[in-house]
Amino acid sequence: MATLFGSGIKRREDPRLITGRATYTDDVKLPGLLHAAVLRSTYAHAKLGKVDVTKAKKAPGVVAVFTGADVKDKLNTVPCAWNVPNCDLKVPPHPLLAIDRVRYVGDGVALVVAESRAAARDALDLIDVDYDALDVVVDPEKATQQGAPELHPEVPGNVAFTWKVAGGDAAKAFAEAPVTVEQRIVQNRLLPTAMEPRAACASYNPGTGQLTLWITSQNPHIHRFLLSVMTKLPEHRIRVIAPEVGGGFGSKIPGYADEALVSFASMQLGRPVKWTEDRSENYKATIHGRDHVEYVAMCGTKDGQITGLRTKVYAGLGGYASTAAPGIPTILHGLMYSGPYTIPNIEGTIYGVYTTTTPVDAYRGAGRPEATFLLERMIDLYARKIGMDPVDVRRKNLIPKDKFPYTVATGITYDSGNYQGALDKALQMFDYKKFRAEQAKARKAGRYLGVGVTTYCEICGLGPSQVAGAVGFGGGLYDSAIVRVYPTGVVRAYIGGKPHGQGEETTFAQIVADEFGIPVENVEVVAGDTEATPQGWGTYGSRTTAVCGSAVKVAAQRVKDKAKKIAAHLLEASEADLEWQDGKFAVKGSPDKGKTFGELALMANVAWNLPPGVEPGLEATAFFDPSNFVYPFGTHICTVDVDPETGEVKILRYIAVDDCGPQINPMIVDGQVHGGVIQGLGEALQEMVVYDEDGQLLTGTMMDYAVPKASQMPKVETAHTVTPSPVNPLGVKGVGETGTIASVPTLVNAVCDALAPLGVSHIDKPLTPARVWAAIQQARAGGGGGGGAK
Amino acid sequence: MTGTCSITLDVNGVTRTAEVEPRDLLVYVLRDQLDLTGTHVGCDTSQCGACTVHMDGRAVKSCTVLALQAEGHAITTIEGLKRDGGLHPLQQAFWEKHGLQCGFCTPGMIMTAADLLATNPKPTEAEIRHALAGNLCRCTGYQNIVAAIQAAAAAR
């Protein structure tokens, strides 16, 4: 049988999705179901006075109304679960419903439960709230300045943490370097915009004391734990089911107040309660991403050797510290400052800052896009300053392929890589020299073409649990699988991860089917139900294939080891004399005499004739904890044509060469790259959260927030190199986030390259026509665009 | 808003009735009363297109149609798109070309694409991308959605 690993077979998930037969959380219906709606603060920052729910309680169909005062003694606050050490982290309490103060537009104030969705919504309008407005601050840098309004009494100056990373001697490097470039960079705040909004449906049975919660979750086991903390219900009485989940991009990792509130309502009322946010609620009440103000400096020699990098970063956290928020701009950002380069001296200071805005947490790439962007942007500025081709500068500084495992100045060790190989492949596909010639010709004709080349690497496949503990992550980062073989030889794999679009129901079935030599149709992968699946840590950080997939592989190998024992017994041979060939165990040299996987499955399950000491049944559980993170890498190239009169950016070509190790399903890998690149181009070109001076969210609906459309986006040309990782049995690395990590600087560098002759050195993203046009005008007036390299 | 009235409409070839308030949107009647949950709600401003269904053969956003307006009309949802018990060519093509990931936008995408191919059987790539202006996808980057629609058009 041909191996399934490496085959782009169609997805097992799709038949239900293309026929409308999938069940998402909002599709769940239960007898006696009630509907909840959350009253959200219309003020960004205010003292909360009386919340008068008298009229709402009397409204038709309303069953109950809860305020902060009603729940504060019965429920705990929303926990922050990534307590990064050595940074004086301050996490003030985050009540499930506001008690005496609201801290962002969207902060929950009251929960209405009614017989219908419409009745619950109608009743929100009948709640009278006294707000006493306070000053607001939405910019993380300004929030740290003297006189800025303070959000939390226990956090003077709004600084939640000051985290430092250092390696080598940056002060000396900068003092001695002949060339230094500096740039202020703004990482625009983004809305994750999973197409399915968040939802939760809770059903508490007072007779059993059990709570079942259907929820839009990337990590049901983490949600079970967080829900247990918030509701005070013991973990073993809670069943979390994440059914079909319509995208997450990080926004369905955190624990939110909402799921605890509907659970509480169900426990109080003895009836099931469902809440589904609408999109404008999603934009206010679901986490945002990015939001950094960065001051970055890079130094080096006149011939392109980078000797140092220094950063000072103000990372916005929003009104409260969301579940993983402190770890994003620190562990997942600052530790990646070396990128794929041998930068010997690095120093970074990251301030986590509370602002009167929606909480910020992991958004696709989470910290790594920001690190890659600042690094790649600085390299282009440096290359321009020393008059060297930016590709040559990159090549000169890439970690050589024979130096792995390689420990960078920030202290982390990269598993494997061949960065030059990916760069060579991309340049080959693109013909860089030819483009430079065309560009020169076009410039003479008044056309502004540009090219951006990014060489990146990133940290994913999170990760060793010991490291998780050391960096304050409030959980493990292993993952798990049960591989269960039925008497008829068909298989179910129950996994700890929770795919929500990434296709692991297919790729993991490929792993299992290969191991057992059976058709892929004979394997089902089950995820998302804590009642069925072993403890796992979820799908994020491009970890599911590397970590959970490895657990599947190990569990399948254990099953096969047992099957071999049974085969040896039945064939009256020694295990050492058996070999696995064409889906059966046979005695070496007599391939006709063998036992197929199906026969062994039956014999193991009926247990009529097992070897001494072997238990009946054929299943195994594996918990796989990797020895290191994985570090995928690649080269992305983008060319653009910028209209200097309108500032409009037209993408001519986009090439993505990524190395995620061996690919289980190349079709799915390419799909991940396509989606990630386009999401990154959204960040680079058009997406940005805008708050006004009162802290009102101006980009509060899909009418105002520019999610990329089909007509706005290019085709992505994909290619790959294959460098296996030594840290897991599949050799795989993650590919879910590479697109958003690599594409943003690639596009921005291309535009800045195009406009170099006009004197533009930097433009803050998103590169909307208005911003590009303004940068051109400013540069023509002698200002170097949105801020020049010194 | 307590008054309701009864409407009758043809849904996927079957006559259905529903009790609706004047303000009820078609999408909620389909989902909540008629149990056709394949049609999704992804926004509240008619941008995302996840709720796209056919009314008398043309694509409409069912979040922007009052249920009362559908009285007497023929509605086709993703559940009713199957051909002769098998997959519609577009459903097949989305599957073949990996035109979906999380699947939430997919029913609306397919319904919009079906309308496009009904009026423009051999669209160019630019025409396909333009026709999808009212359907948002956050997972696929659209590339394989476009490829799927091209494949379905070629197979006609």
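Because the structure is a prediction, the values reported are computed rather than measured. (Residues numbered from 1 in each chain as written. Chains lettered and ligands numbered in written order. Predicted model: local features only at pLDDT ≥ 70, side-chain atom pairs only at ≥ 80, totals over all residues.)

**With respect to the domain arrangement of chain A**
All names here are of chain A. For chain A, the assigned domains are domain 1 (28-134 + 195-247 + 252-285), domain 2 (292-462 + 628-780) and domain 3 (478-624). Between domain 2 and domain 3, the C-alpha centre-to-centre distance is 40 Å. Residue-level contacts link 18 residues of domain 2 with 17 residues of domain 3. (Domains from an automatic or database assignment. Contact = placed C-beta atoms within 7 Å.)

**Focus on the environment of Ala573 of chain A**
Residues and elements named next belong to chain A. Structurally, the position occupied by Ala573 is in the loop between α15 (544-571) and β22 (578-581). Judged by the 17 C-beta atoms lying within 10 Å of it, Ala573 falls in the partly exposed class. Along the sequence, Ala573 and Pro15 sit 558 residues apart, while their C-alpha atoms lie 44 Å from each other. Discounting residues that sit within four places of it in the chain, Ala573 has contacts with Ala568, Leu578 and Val587. (Helix = DSSP H or I, 4+ residues; strand = E, 2+ residues; numbered from the N terminus. Buried ≥ 20, exposed ≤ 12 C-beta atoms within 10 Å, placed from the backbone.)

**A look at helix α11 (residues 419-430) of chain A**
Residue and element names in this part refer to chain A. The end-to-end C-alpha distance of α11, which contains 12 residues, comes to 17 Å, matching closely the 16 Å that a straight helix rising 1.5 Å per residue would cover. The set of residues buried in α11 consists of Tyr419, Ala422, Leu423, Ala426 and Phe430. Around the axis of α11, the buried residues are gathered within 100° of arc, so they sit on the same side. Check the buried side of α11 and you find it contacts α10 (390-397), α12 (432-444), β18 (448-457), β26 (633-642) and β27 (649-659). Of the residues flanking the end of α11, it is Asp431, one or two places downstream, whose phi is positive at about 60°. (Expected span 1.5 Å × (residues − 1). Arc of directions from axis to C-beta.)

**Remarks on the interface of chain B and chain A**
The interface is formed by 42 residues belonging to chain B together with 44 residues belonging to chain A. Where the side of chain B that touches chain A is concerned, the elements lending two or more residues are α2 (89-96), α3 (106-119), α4 (125-131) and α5 (143-154) of chain B. Sort the elements by how many residues they give to the side of chain B that touches chain A and α2 of chain B lands first, with 4 residues. A breakdown of the residues in the side of chain B that touches chain A according to their chemical character gives 19 nonpolar, 17 polar and 6 charged. (Nonpolar A, V, L, I, M, F, W, Y, C, P; charged D, E, K, R; others polar.)

**Looking at the domain arrangement of chain B**
Residues and elements named next belong to chain B. For chain B, the assigned domains are domain 1 (5-80) and domain 2 (89-154). Placing the centre of domain 1 and that of domain 2 at their C-alpha centroids yields a distance of 21 Å. On the side of domain 2, 11 residues touch domain 1, which itself brings 15 residues to the contact. Residue assignment for the side of domain 1 that touches domain 2 shows that the elements contributing at least two residues are β3 (52-55) and β4 (58-61). Its residues placed into classes, the side of domain 1 that touches domain 2 shows 6 nonpolar, 8 polar and 1 charged.

**Some points on α2 of chain B**
Regarding α2 of chain B, the residues found buried are Leu90, Gln91, Ala93, Phe94 and Trp95 of chain B. On the buried face of α2 of chain B, the contacting elements are α1 (14-18) of chain A together with α3 and α5 of chain B. Following α2 of chain B by one or two positions, His98 of chain B has its phi on the positive side, about 55°.

**Digging into the sheet that holds strand β2 (residues 46-52) of chain A**
All names here are of chain A. A sheet is described by the order of its strands in space; here 3 strands give the open sequence β4-β2-β6, paired in antiparallel fashion. The sheet is open, and its two borders are formed by β4 (101-102) and β6 (128-133), each paired with just one other strand. In the sheet, β2 pairs with β6 via 5 bridges, with the strands oriented antiparallel. The residue of β6 that forms the bridge with Lys47 is Asp132. (Pairing = 2+ DSSP bridges.)

**Some words on the environment of Pro534 of chain A**
Turning to its location among the elements, Pro534 of chain A is positioned in the loop between β21 (523-526) and α15. For Pro534 of chain A and Glu504 of chain A, which are 30 residues apart along the polypeptide, the C-alpha to C-alpha distance reads 16 Å.

**Let's talk about the sheet that holds strand β15 (residues 345-354) of chain A**
Residue and element names in this part refer to chain A. Across the sheet, 5 strands lie side by side as β7-β15-β14-β13-β8; this open sheet has mixed pairing. Looking along the sheet, the strands with just one partner apiece sit at the ends: β7 (159-167) and β8 (179-187). Between one strand axis and the next, the sheet turns through 10° on average, direction left out of account. Examined bridge by bridge, β7 and β15 share 8 bridges and lie antiparallel to one another. Paired with Phe161 across the two strands is Gly352, which belongs to β15. The strands touched by helix α9 (residues 368-386) within the sheet are β8, β13 (292-300) and β14 (306-318), with β8 carrying the most contacts at an inclination of about 145°. (Axes fitted to C-alpha atoms, helices over the stretch in contact; angles between N-to-C directions.)

**A look at the pairing of β26 of chain A**
All names here are of chain A. Burial within β26 is extensive, with 9 of its 10 residues counted as buried. Direction of pairing for β18 relative to β26: antiparallel, over a ladder of 10 bridges. Residue pairing in the sheet places Val453 in a bridge with Ile637 of β26. With 10 bridges connecting them, β26 and β27 associate as antiparallel partners. Bridging across to β27, Ile637 finds its partner in Ile655.

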